[in-house]
Amino acid sequence: MTDFFQSLGLSYDWAWSLATIAGILLIALPLMLGVAMIIYADRKIWAAMALRRGPNVVGPWGLLQSFADGLKVFLQETIIPSAANKGLFLIAPIITFTVALLAWAVIPFNSGAILADINVGLLYVLAISSLGVYGTVIAGWSSNSKYPFFSAMRASAQMISYEVSIGFILICVVLWAGSFNLKDIVEAQQSHVWIINGFVANPLLFPMWVMFLISGMAETGRAPFDLTEAESELVAGYQTEYSSMSFALYWLGEYANVLLMCALNATLFWGGYLPPLDIPVLYLIPGVVWLLLKILFFFFIFSWVKATVPRYRYDQLMRLGWKVFLPVSLFWVFLVSGYLMLTGHFA
Amino acid sequence: MTIQLIAFYLFASLAVLSGAVTILARNPVHSVLWLILAFFNAAGLMVLAGAEFIAMLLVIVYVGAVAVLFLFVVMMLDIDFAELRAGFIRNAPVGALIAVVLFGELLIGVGAYRAGALVLGTPDGSAATPAGVSNIEAIGALLYGRYLFLFEAAGVILLVAMIGAIVLTHRQRSDTRGQNVSRQVERRPDEATVNMQPEVGQGVSL
C-alpha cells in the first residue's frame, strides 16, 4: 500500500504513515462490525441450542440487535462509584479494548495482506495477550468493591496459568515451522501432510491444537472457564460496577479477543489464509475468505462449548492448567524437538 | 528518519517520566502501574535499537508475568499511610546514607564516562549481526553456542531458586481433603451405591 501512496507523488515517510493508518482502519473498522455481528451470532447459536428463538425483533431476523444494544448503552449514564479510584476506573475498560485490537496487527489476512510483517510476530501476540489481564485486574481493584476484587484475583491467576502452557504449545508450532513470523508459519503448513494444509493434520501436533483451543477459552475467560464473571458467585465479576459505554468496551473487547483466539487457531494450526486442501482450484478463492470461514468455524465451536459445557470450579481450573496442560505441553516440546532432530528437520 | 526520532524522544521521555512517578506516587498500586509504563517504553526503545526479540521478551516476562505478580501482592496489601510516615524520621539517616552512596556512584560514573570508553576491541564490524540473520537466530546461536555453559548455569540457579521458594512456602496440611479426579472418574454406579434393607432400629454402617 506504501507503493500506491508513493505513486501519488508522496515522499516515503508520508506514504508509509498514510498506508499504516489506512491499514489500521481497514482492520479495526471491519473488526468492530464483525464483533457486533458475532455477538448476534453467539446469541442466536446459544438460543438455538436451548430451543429458543434468540433476538428476532430488531431488523430482519433480529440482525440489528447488537446495534440497538450499542445505541442503548451509548445513551445511558456513566456511573462512577464514589469510592472508586476514578482515573483507573475509567482507564481499565480502555486498556481491555485497546489490547484486544492491538494483536490483530500481525495476523496475515492473505499472503501480502499483513499490517506488520515482523520477525517476532508470534512473540508479539504472546506479549499483547499477556496484557489483557491488566484491564481486568485494574477494574477489579479500582472499583473498590468486594466482588470485582475477587474476580480480579481469579482473573490474574487464571490468565497467568494458561499463558504458560500456551507458550509451550506455541513453541511446538514454531519448532516445526522454523520461524516466529506468522506468515512463514502459514506458508510452512502448505501440504503439510499429503495434500492437507495445516499442522492439525500432523498426529504429533493434533493434541497441541486441542490443548490450544481449550487454553484459548481459558485465556479469553469464555465458558466453561468464565470464572471471572461467574454470576452465581460474583454478581458480574469485574464488570459489576461498570455501566454505559465503559461496560460496552468490555463487551466489545471480550468478543474481539475471542475472534483473535479463533484467528490464531486458524493461523497456527489450520493453515490460515490457505485453503484446507492443496488443490489449485481452491486457490481461486481469495485467502481472506478462507481465513474468515475458519474464524467463523472456530467461533461456532466456542459458542457450542459455551452452550453445552457447565462452568469449571476454580480449583479444577487451576488443576487443569498446572497439573495437566503444563506437564503435557512441556513433554510435547521434548517430543516434537526430538522427532525433528531424529528426522533431520534442522539439517 | 523523523519518525524514528519522534518515537525515540517519545519513548525516552516517557520512560524517564514514568520512572520518576513510580517512586513519587503515593499509592503503591499507582507505582506498579507507572513501573509497567516504564517497562513498555524501555521495550519501545529496544525496538528502535533493532532488538525486537529483547523488546518482546521484556514485555512478556516483565509486564506479562513479573508486574502482574507485583500488582497482585501490592493490591492485597493493607497499607496504613500514617504508620509509614511515622517511620520517616527514624529511617531518615539510613535513607540519607543510601542517597549519598548513590550520588557518589553517579559522580564516579560521570567521571568514568568523561575519561573515555574502555578499549574492548576495535569496532571493525566483526561482531555485528550479519545481514539476513534474524535477531532470534543471532541470540540463539550465541546463547546455545558460545555461552552454553553460562546459560545452563543460569538456568540451574533459577531452578534451585524455584524449588527453594516452593520448599519454603509449602506446608503439608492434613485437615483438608483433596480431590482425586481419576478415582472419581473410575467409580461405577454398582460400586458407588449399595441397596440395604436394615432391620428396624439397626441402622447402617457407612
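Residues numbered from 1 in each chain as written. Chains lettered and ligands numbered in written order. Predicted model: local features only at pLDDT ≥ 70, side-chain atom pairs only at ≥ 80, totals over all residues. Heavy atoms only, no water.

A. Region of the structure containing the overall build of chain A. What chain A contains, in helices and strands, is 13 helices and zero strands. Written out in order from the N terminus, the α and β elements of chain A read α-α-α-α-α-α-α-α-α-α-α-α-α. Whereas a compact globule of 347 residues would reach a radius of gyration of roughly 20 Å, chain A reaches 21 Å, a difference of no more than 12%. Along the three orthogonal principal directions, the C-alpha set of chain A runs to about 65 × 60 × 45 Å. Long-range contacts, defined as pairs at least 24 residues apart, comprise 74% of the intrachain contacts of chain A with a sequence gap of at least 6. When the accessible surface of chain A is split by element, carbon and sulfur atoms take 71% of a total near 15600 Å². (Helix = DSSP H or I, 4+ residues; strand = E, 2+ residues; numbered from the N terminus. Rg over C-alpha atoms; globule rule 2.2 N^0.38 Å. Contact = heavy atoms within 4.5 Å. Areas by Shrake-Rupley, 256 points an atom, 1.4 Å probe, with all protein chains shown as cover.)

B. How the structure looks around the overall build of chain B. In terms of helices and strands, chain B carries nine helices and zero strands. For chain B, the α and β elements follow one another from N to C terminus as α-α-α-α-α-α-α-α-α. Relative to its full complement of 206 residues, chain B shows a buried share of 16%. Counting every atom, chain B has about 16600 Å² of accessible surface; 68% of that belongs to carbon and sulfur. (Buried < 20%, exposed > 50% of the residue type's maximum accessible area, 1.4 Å probe, protein only.)

C. How the structure looks around the nonpolar core. Counting residues in hydrophobic clusters, the biggest one holds 111 residues, and the most contacted among them are Trp104(A), Ile107(A), Tyr134(A), Phe212(A), Leu268(A) and Phe269(A). Broken down by element, this core gets its largest block of residues, 14 residues, from helix H7 (residues 146-177) of chain A. (Core = buried A, V, L, I, M, F, W, Y, C linked by side-chain atoms within 4.5 Å.)

D. Molecular detail of the packing of helix H9 (residues 206-219) of chain A against helix H12 (residues 287-308) of chain A. Residue and element names in this part refer to chain A. At a minimum axis separation of 11 Å, H9 and H12 run at an interaxial angle of 65°. You can see that H9 and H12 cross each other, and the crossing is right-handed. Contacts between H9 and H12 pair Trp-209, Leu-213, Gly-216 and Met-217 from the former with Phe-298, Ile-301, Phe-302 and Val-305 from the latter. Its residues assigned to classes, the contact of H9 with H12 shows seven nonpolar, one polar and no charged. (Axes fitted to C-alpha atoms, helices over the stretch in contact; angles between N-to-C directions. Left-handed = near helix turned anticlockwise from the far one by under 90°. Nonpolar A, V, L, I, M, F, W, Y, C, P; charged D, E, K, R; others polar.)

E. Inspection of the environment of Arg52(A) at higher detail. Here Arg52(A) shows up in the loop between helix H2 (12-49) and helix H3 (65-75). For Arg52(A), the contacting residues outside a window of four places in its chain are Trp46(A) and Ala47(A).

F. Local environment of the packing of H7(A) against helix H11 (residues 244-269) of chain A. Residues and elements named next belong to chain A. Taken N-terminus to C-terminus, the directions of H7 and H11 make an angle of 30°; their axes are 11 Å apart at the nearest point. One element, H7, and the other, H11, form an angle in the roughly parallel class. Seen along the crossing, H7 lies across H11 with a hand that is left-handed. Touching Ile-166, Ile-169, Leu-170 and Val-173 of H7 are Met-261, Leu-268 and Phe-269, all from H11. (Parallel < 35°, antiparallel > 145°, perpendicular 65-115°, else oblique.)

G. Expanded view of the interface of chain B and chain A. On the side of chain A, 29 residues touch chain B, which itself brings 27 residues to the contact. Remark: the boundary between chain B and chain A carries zero salt bridges. There are three residue pairs in polar contact (both at pLDDT 80 or more) connecting chain B and chain A. Listed by contribution, the elements that provide at least two residues to the side of chain B that touches chain A are helix H1 (2-24), helix H2 (28-48) and helix H3 (52-76) of chain B. A total of 14 residues in the side of chain B that touches chain A trace back to one element, the largest contributor, which is H3(B). Residues of the side of chain B that touches chain A, tallied by class, amount to 20 nonpolar, six polar and one charged. (Salt bridge = Lys/Arg side-chain N within 4 Å of Asp/Glu carboxyl O. Polar contact = N/O pair within 3.5 Å; in protein donor to acceptor, adjacent residues only side chain to side chain.)

H. Main features of a nonpolar patch on the surface. Residues and elements named next belong to chain B. On the surface, Leu-10, Leu-14, Leu-17, Trp-34, Leu-37 and Phe-40 cluster together to form a nonpolar patch covering roughly 480 Å² of accessible area. For the nonpolar patch, the secondary structure elements donating two or more residues are H1 and H2. By the element assignment, Leu-37 lies in helix H2. (Patch = residues over 30% accessible without salt bridge, like charges linked within 9 Å, V, L, I, M, F, W, Y side chains within 5 Å.)

I. Seen up close, the packing of aromatic side chains. All names here are of chain A. Throughout the structure, instances matching the rule amount to 20 aromatic pairs over all chains. Summarising the aromatic geometry, the rings of Trp-209 and Trp-270 are spaced 5.3 Å apart at their centres and angled 70° between planes, so their arrangement reads as edge-to-face. Residue Trp-209 is located in helix H9, and its partner Trp-270 is located in the loop between H11 and H12; the two are separated by 61 residues in the primary sequence. Note on Trp-209: relative accessible area 9%, which makes it buried. Residue Trp-270 is classed as partly exposed on the basis of its relative accessible area, which comes to 27%. Summarising the aromatic geometry, the rings of Trp-270 and Phe-297 are spaced 6.1 Å apart at their centres and angled 55° between planes, so their arrangement reads as tilted. With Trp-270 in the loop between H11 and H12 and Phe-297 in helix H12, this pair connects stretches of sequence that are 27 residues apart. Ring pairs connect the aromatic residues Phe-206, Trp-209, Trp-270, Phe-297 and Phe-298, which therefore count as one cluster. A cation over an aromatic ring shows up here: Lys-306 above the ring of Trp-46, its NZ or CZ 4.2 Å from the ring centre. (Phe/Tyr/Trp six-rings, centres within 6.5 Å; stacked < 30°, edge-to-face > 60°. Lys NZ or Arg CZ within 6 Å of the ring centre and 35° of its normal.)

J. Geometry of the pattern of salt bridges. All names here are of chain A. Per the counting criterion, the structure on display carries six salt bridges over all chains. For Lys-183, the salt bridge is made with Asp-117, and the minimal N-O distance between the two is 3.4 Å. Residue Lys-183 is located in helix H8 (residues 182-188), and its partner Asp-117 is located in the loop between helix H4 (86-102) and helix H5 (121-129); the two are separated by 66 residues in the primary sequence. Residues participating in the shared-partner salt-bridge network are Asp-42, Arg-222 and Lys-306.

K. Quick look at the confidence of the model for chain B. Summarising the model, chain B shows a mean pLDDT of 83, and 87% of its residues fall at 70 or more. Confidence estimates for the predicted assembly give a pTM of 0.82 and an ipTM of 0.79. (pLDDT = per-residue confidence, 0-100.)

L. Quick peek at the environment of Ile285(A). Residue and element names in this part refer to chain A. Position of Ile-285 among the secondary structure elements: in the loop between H11 and H12. Looking at Ile-285, the relative accessible area reads 37%, which means it is partly exposed. Placed 40 residues apart in sequence, Ile-285 and Phe-325 show a C-alpha to C-alpha distance of 37 Å.

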